[in-house]
Structures are given as C-alpha cells and as structure tokens.
Amino acid sequence: MPTIIITPDEEIVHKEADSLCVAGITKLTTIDFPGCLAAVIFLRGCPWRCLYCQNKDLQQRQAPKDDPTIPWKEIDKFLNKRKGLLDGVVFSGGEPLTDPALFKAIEAVKAKGFKIGLHTAGIFPSHLASILPMVDWIGLDIKAPLTRPELYERVTGRKGTEEKASKCLVMILDSGVQLEVRTTAHPSYLTDLDIKLLAEDLAEKHVDTYALQIYRQPPQAKKEDLLERVGSDYPAPETVEFLRKLFKNFILRNQ
C-alpha cells in the first residue's frame, strides 16, 4: 500500500501533560482495548457534532463548574498504583486528538510501561502522525462511506471531515498499528446499501477488523437529541452476512 504524505492541517504545539483536559476515568475495563485490562481516560473537546453523539457533554473543551477537569497529578498517581495490574491505558473522549497535551500524556503513560490505546474519529491527521509511533491499538470511527462527502458532512455536521478521516485511516494502515474500524449505524442516515459501500471500500483498503455498532438511545439524553429507536430488521440479515464474509474479523454490536 502506498504511503500517503500528510501535510499538517494546523500547526501542532505540544503542551505538557499537566494541561490535559480530563473529564473522567474508567479505572478498569476489559472491552475498550482488545486483549488488555485497561483504564480509559476521557478527554474534553470535539469540533464535530455527530448526529448520534453519546458524549455531548464532552464536546466543549471548557469544563462546567459542577464537573471540573481532573488534575493530571491524580491520573499519574492512580497509574503508578496500577503498574503490574493494568496492561494498558486508552485515551478517549470527546476527541482526544483535539487536546495538544495528548502527546506528552501518552509519552508519560508509555514510560510507565503501559500499552496505549486510542479512540478517535481521525479529526486531526497531523496530531495523529506525531503520536502514532507510541500507540499500540486504535479504534477508528468511520462515520459513513468515504466516497460520499455529503453524507459524511450530514453525520458529523462539518465539511471536509471525510478527507481527514481518510488520511488517518491510510496512515494507520501504513503504520501497522493494530486497528479496529467501527461505524455507528442508524437507518435515518445509513441505508443497508451505504453500509455495504462503506464496507467494500474498507476491505479494498485491507482493513481486517470492522465493527458495526447499531445506534442505541443513550439513557440520559435530551429528547431532542435522540434518534428513533432502531428496529430488529436493521440491518438486514443479508447485509450482516455480507459483512461477515468481507472481513477477517467482523463484530456486530447491537446491544
């Protein structure tokens, strides 16, 4: 696969880990970093406004007064106590690539001997390029067919988003970092045909692991933020079978 040349979409000036905007931490998980016992650090900030966002409260970088940012020294102290007990640490969000302190935070966590996981939608290719050599596993959200920019824009609420996601996808595949591509699907914006087109494109790019995540209504979301409940007929059984045959590892998350 040819290497893609990434020209920075913005200048990344790395900040110290102390300035990381941490909204919360899951101290133990077996499902967010395949094959690892891990902690998940949730960061504030995301410039996209996806239709189905489960963490709208993390979209703003500024922490609300009733939910202040967790100081890095507390995260650092916690991780020191978990050496030998946890395998890895996942940076999630929000969109972790939004945070200019991510590089230094990953550097600090990596130095403690933890593996690094990353949940991202591929929003900032230049920032991803800088941290990629330190990352062990990535869960990359691909929102819609990369060949349909108008649909990608509808899902993310922003123009040009499919270009950034595409650059990040190729960059990760070139790097050899373990990758799971995932798509959150709802029939109001992704038909069965859209799902198949997206999957075929990913398979042609040699994606091995693909997860289709069927939209579920978040329990505490405002009514105006909710999409309709997804029926049991979506996606169609033949679509699921099509995906199973297409990928070495296919995961259907519908619970």
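**Quick word on unusual backbone geometry**
Then, in step 1: G94 follows G93 through a cis peptide bond whose omega is 15°.
Then, in step 2: Inspection of the secondary structure puts G94 in the loop between β3 (88-92) and α2 (102-111).
Then, in step 3: Cis geometry is adopted by the peptide bond preceding P235, which originates at Y234 and carries an omega value of -10°.
Then, in step 4: Even without being glycine, H206 reaches a positive phi, approximately 75°.
Then, in step 5: Examined against the element boundaries, H206 turns out to sit in the loop between α6 (192-204) and β7 (209-214).
Then, in step 6: A relative accessible area of 56% places H206 in the exposed class.

**Quick look at the layout of surface pockets**
Rolled over the atoms, a probe with the dimensions of a water molecule shows which regions are left empty.
Then, in step 1: Here the largest pocket defines a volume of roughly 1,200 Å³.
Then, in step 2: Around the largest pocket, the lining comprises 35 residues; the ones closest to its centre are Q54, N55, R182, T184 and Q213.
Then, in step 3: Sorting the residues of the lining of the largest pocket by element identifies β2 (38-43), β4 (115-120), β5 (137-141), β6 (178-185), β7 and β8 (249-253) as the ones contributing at least two each.
Then, in step 4: When residues in the lining of the largest pocket are grouped by element, the largest group, three residues, is from β6.
Then, in step 5: Residue classes in the lining of the largest pocket are distributed as 15 nonpolar, 12 polar and eight charged.

**Considerations on the packing of aromatic side chains**
Then, in step 1: On inspection of all chains with the given rule, the structure shows four aromatic pairs.
Then, in step 2: Here the aromatic rings of F33 and W137 are separated by 5.6 Å at their centres, their planes lie at 25°, and the arrangement is stacked. You can see F33 sitting in the loop between β1 (22-29) and β2 and its partner W137 sitting in strand β5, a full 104 residues away along the chain. A single burial state applies to F33 and to W137, both of which are buried.
Then, in step 3: For the pair Y52 and Y189, a centre-to-centre distance of 6.0 Å together with 25° between the ring planes defines the contact as stacked. Of this pair, Y52 sits in the loop between β2 and α1 (72-81) while Y189 is found in the loop between β6 and α6, placing the two residues 137 residues apart along the sequence. By the burial criterion, Y52 is buried, and Y189 matches it.
Then, in step 4: Cation over ring: K196 sits above F242, and NZ or CZ is 5.6 Å from the ring centre.

**Considering helix α4 (residues 149-156)**
Then, in step 1: Within the sequence span of α4, burial applies to L151, Y152, V155 and T156. Angular distribution of buried residues about the axis of α4 spans 125°; they occupy a single face of the element.
Then, in step 2: Those residues of α4 hidden inside the fold are in contact with β5, α5 (161-175) and α6.
Then, in step 3: Backbone geometry just after α4 places G157 at a positive phi near 75°.

**Focus on the environment of K205**
Then, in step 1: Tracing the chain through its elements places K205 in the loop between α6 and β7.
Then, in step 2: Reaching out from K205, the side chain makes a polar contact with the side chain of D201 at a distance of 2.7 Å.

Analysis parameters
Residues numbered from 1 in each chain as written. Predicted model: local features only at pLDDT ≥ 70, side-chain atom pairs only at ≥ 80, totals over all residues. Heavy atoms only, no water. Helix = DSSP H or I, 4+ residues; strand = E, 2+ residues; numbered from the N terminus. Buried < 20%, exposed > 50% of the residue type's maximum accessible area, 1.4 Å probe, protein only. 1 Å grid on protein atoms, 1.4 Å probe; cavity = no way out; pocket = protein on both sides within 12 Å on 5 of 7 lines; lining within 4 Å. Points joined across faces, edges and corners; volume = space filled by probe spheres on them. Nonpolar A, V, L, I, M, F, W, Y, C, P; charged D, E, K, R; others polar. Phe/Tyr/Trp six-rings, centres within 6.5 Å; stacked < 30°, edge-to-face > 60°. Lys NZ or Arg CZ within 6 Å of the ring centre and 35° of its normal. Arc of directions from axis to C-beta. Contact = heavy atoms within 4.5 Å. Polar contact = N/O pair within 3.5 Å; in protein donor to acceptor, adjacent residues only side chain to side chain.

On their own, these measurements won't tell you what the molecule is for.
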